[in-house]
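Chain by chain, the residues run as shown.
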Amino acid sequence: MQDSTAHIAIIGGGIMGSFCGFFLRHLGFRGRITIIERDPSYRYTATARSAASFRTQFSCKFNVAMSVFGAEFLKNTQTWLNRDSNIGLIKRGYLILHKQAVNHTAIKAMHEAGAEIAIFPKKELQQRYPYLNIEDISHATYGLKNEGWFDAWSLLQAVQAKNRALDCQYRHENVKNVPTGSDGQALGVVLEESGLLEADWVINAAGPESAAIHQNPKLTLPVSPRKRTVFSIRSPLNDPEFPMLIDTSGVWIRPEGQGHICGIVPPPHRDPAAHGDYQPDYDLFEEYIWPALAQRIPQLESLKMENAWAGHYEVNSLDHNGIVGPHPDINNLYFATGFSGHGLQHAPAVGRGIAEHLLQGAYQSIDLTPLGYQRIVRREAIVERSVY
Ligand SMILES: Cc1cc2nc3c(=O)[nH]c(=O)nc-3n(C[C@H](O)[C@H](O)[C@H](O)COP(=O)(O)OP(=O)(O)OC[C@H]3O[C@@H](n4cnc5c(N)ncnc54)[C@H](O)[C@@H]3O)c2cc1C
């Protein structure tokens, strides 16, 4: 597929769509690339509202492998993108607390996929983090490398700038539909103001609203926008090595600037599809987060919540894993969506995978076949259990 007259239309200019464009060029595609984005401010996109953390502690091996490549990319943005790029990278592990016995099978699987995970028994955990109340904890796992956090907005800006330099065109319109022709293949995308934009290939990277693109009842994506609120707090807690802590309650907390940010996945009965709703859910903080933090870290009893924002996870309700690759019948329609809260760190691997599949006919680096749309059709879930 090195035809210089070919045209690839990518729906969504967030991190997924932008990395698809980047890797298509990186792997040598010389044709036209149009990235269609309806909101040039990117104000409400998942990418801009993300907590922007990365980890190798996943239950599915392909997610570990994608994170390892993502981390390599993040550590080397000055080589990949621009020598002046600064994404504020902090390399520090996720400290995940456990009540049960050590799951050696899970840790072995993570190591096989490229992670390096330490196990801190109770005594060592208390020595390292004396401020933690670990009465009910048996041990913790900690990512020794390829974990940390960064500034998502800076990364998005750097990829987009590189894409523009590589002649990927960002076009600001709303995509209404992906029509198919008499041969059953995608004709391109229908734009709200300009009508049909013909394309040889279409990639749906529209994030939390990616399901709304398809008006074909045979083509459903089990992806919907679920609101996640991030709270910014100040407290007397002062540990320069404070990790990304995942509590057994589901609450996560990590350093950010002079304070910390924290959040929790709401219980299912408080987690409807949240189209257009970006109001922070302050009750979550009072009811779940503050009590859990004060119990785990007594110093946090006197914390002060200073700010909050809400964004949307693109939740794949089948199994909390991404949906990646071509549609089995509409072969020129690709998906890059459904990452359910871990898409930022996986975007480089997804962009590379899609570019490999589209240009070379098969995945070359990481086999992303398990993430294909076939499992959606067959309702064969491959559940990612580590979702925060
Ligand atoms: C609060 C929060 C915390 C998170 N924390 C993490 C984290 O710590 N680590 C991590 O890896 N991930 C995290 N995520 C998830 C991560 O941010 C997302 O998985 C990732 O940003 C998804 O990128 P995307 O490009 O698919 O979606 P988006 O960034 O939402 O981009 C999709 C784009 O498509 C555009 N679009 C949609 N419909 C159309 C249309 N019809 N026509 C034209 N354009 C359209 C939108 O305007 C948008 O710009 C978090 C998300 C949230 C909300």
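Source: prediction; values computed, not measured.

Structural notes on the domain arrangement of the protein chain
You can read the domains of the protein chain as domain 1 (7-65 + 152-222 + 318-378) and domain 2 (90-145 + 224-315). Taking only C-alpha atoms into account, the centre of domain 1 sits 29 Å from that of domain 2. Opposite the 26 residues of domain 1 that make contact, domain 2 presents 29 residues. Note on domain 1 versus domain 2: buried area summed over both sides is about 2,200 Å², and carbon and sulfur give 56% of it. Looking at the side of domain 1 facing domain 2, the largest losses of area belong to R49, Q57 and P208, adding up to 28% of the total buried there. Summed over the shared surface of domain 1 and domain 2, the result is 1 salt bridge. Residues E112 and K61 are paired through a salt bridge, measuring 2.7 Å at the closest nitrogen-oxygen approach. Taken together, the links from domain 1 to domain 2 amount to 10 residue pairs in polar contact (both at pLDDT 80 or more). Of all the secondary structure elements, the ones that give two or more residues to the side of domain 1 that touches domain 2 are β3 (53-54) and α2 (61-75). Among the elements that line the side of domain 1 that touches domain 2, the one with the most residues is α2, at 3 residues.

Side note on the nonpolar core
Counting residues in each nonpolar core, the largest one holds 52 residues, and the members touching the most others are I10, F19, L24, M66, L155 and I203. Residues in contact with M66, not counting those within four places in the same chain, are F339, Q345, H346, A349, V350, I366, L368 and L371. Ranked by size, the runner-up nonpolar core spans 30 residues in total, among them I137, Y142, F285 and A292.

Structural notes on the pairing of strand β13 (residues 201-204)
What you see with β13 is no split at all: W201 and I203 on one side and V202 and N204 on the other are buried throughout. Bridge count for strand β1 (residues 7-11) against β13 is 4 bridges, and the pairing is parallel. Counterpart to I11 in the pairing with β13 is N204. Two strands pair when backbone bridges link them, and β13 and strand β20 (residues 333-337) are joined in this way by 3 bridges, in the parallel orientation. Across the sheet, I203 pairs through a bridge with Y334, a residue of β20.

A few points about the pattern of salt bridges
Any two side chains of opposite charge can pair, on the condition that their charged atoms come close. According to the stated counting rule, one finds 19 salt bridges in the structure shown. The partner of D136 in a salt bridge is R296, and the shortest N-O contact between them spans 2.8 Å. Of this pair, D136 sits in the loop between α5 (122-128) and β7 (139-143) while R296 is found in helix α7 (residues 282-296), placing the two residues 160 residues apart along the sequence. For D136, a relative accessible area of 30% translates into the label partly exposed. The shortest N-O distance in the salt bridge between E306 and R234 comes to 3.2 Å. Remark: R234 occurs in strand β14 (residues 223-234) and E306 occurs in strand β18 (residues 304-316); sequence separation between them is 72 residues. Taking relative accessible area as the criterion, E306 reaches 43% and is therefore assigned partly exposed. Relative accessible area serves as the criterion here: at 39%, R234 is assigned to the partly exposed category. By sharing partners, the salt bridges in this structure join K99, D136, D247 and R296 into a single network.

A few points about the packing of aromatic side chains
Working definition: an aromatic ring pair is given by the centre-to-centre distance plus the angle between the planes. Counted according to the given criterion, the structure contains 21 aromatic pairs. With a centroid separation of 6.0 Å and an interplanar angle of 45°, the aromatic rings of F285 and W290 are classed as tilted. You can call F285 buried: its relative accessible area is 1%. Chaining the aromatic ring pairs together yields one cluster made of F19, F22, F23, F69, F73 and W80. A cation over a ring is seen here: R55 above F58, with NZ or CZ 3.9 Å from the ring centre. Note that R352 overlies the ring of F69, its terminal NZ or CZ placed 3.6 Å from the centroid.

With respect to the sheet that holds strand β15 (residues 244-246)
What the 8 strands build is an open sheet, ordered β6-β7-β5-β15-β16-β17-β14-β18; its pairing is mixed. Every other strand in the sheet has two partners, leaving β6 (117-121) and β18 as the edge strands with one partner each. Within the sheet, the average angular offset between the axes of one strand and its neighbour, ignoring direction, is 20°. Sheet topology places strand β5 (residues 94-98) next to β15; 3 bridges connect them, and they run parallel. Its bridge partner being in β15, Y94 is matched across the sheet by M244. Where helix α4 (residues 104-112) meets the sheet, it contacts β6 and β7, and its direction lies at approximately 150° from that of β6.

Here's the deal with unusual backbone geometry
Of note, N146 is a non-glycine position whose phi angle comes to about 60°, a positive value. Checked against the element boundaries, N146 lands in the loop between β7 and β8 (148-149). One non-glycine residue, S340, adopts positive backbone phi at about 55°. By relative accessible area, which is 1% here, S340 ends up buried.

How each quantity is defined
Residues numbered from 1 in each chain as written. Predicted model: local features only at pLDDT ≥ 70, side-chain atom pairs only at ≥ 80, totals over all residues. Heavy atoms only, no water. Domains from an automatic or database assignment. Contact = heavy atoms within 4.5 Å. Buried area = accessible area lost by both parts, 1.4 Å probe. Salt bridge = Lys/Arg side-chain N within 4 Å of Asp/Glu carboxyl O. Polar contact = N/O pair within 3.5 Å; in protein donor to acceptor, adjacent residues only side chain to side chain. Helix = DSSP H or I, 4+ residues; strand = E, 2+ residues; numbered from the N terminus. Core = buried A, V, L, I, M, F, W, Y, C linked by side-chain atoms within 4.5 Å. Buried < 20%, exposed > 50% of the residue type's maximum accessible area, 1.4 Å probe, protein only. Pairing = 2+ DSSP bridges. Phe/Tyr/Trp six-rings, centres within 6.5 Å; stacked < 30°, edge-to-face > 60°. Lys NZ or Arg CZ within 6 Å of the ring centre and 35° of its normal. Axes fitted to C-alpha atoms, helices over the stretch in contact; angles between N-to-C directions.

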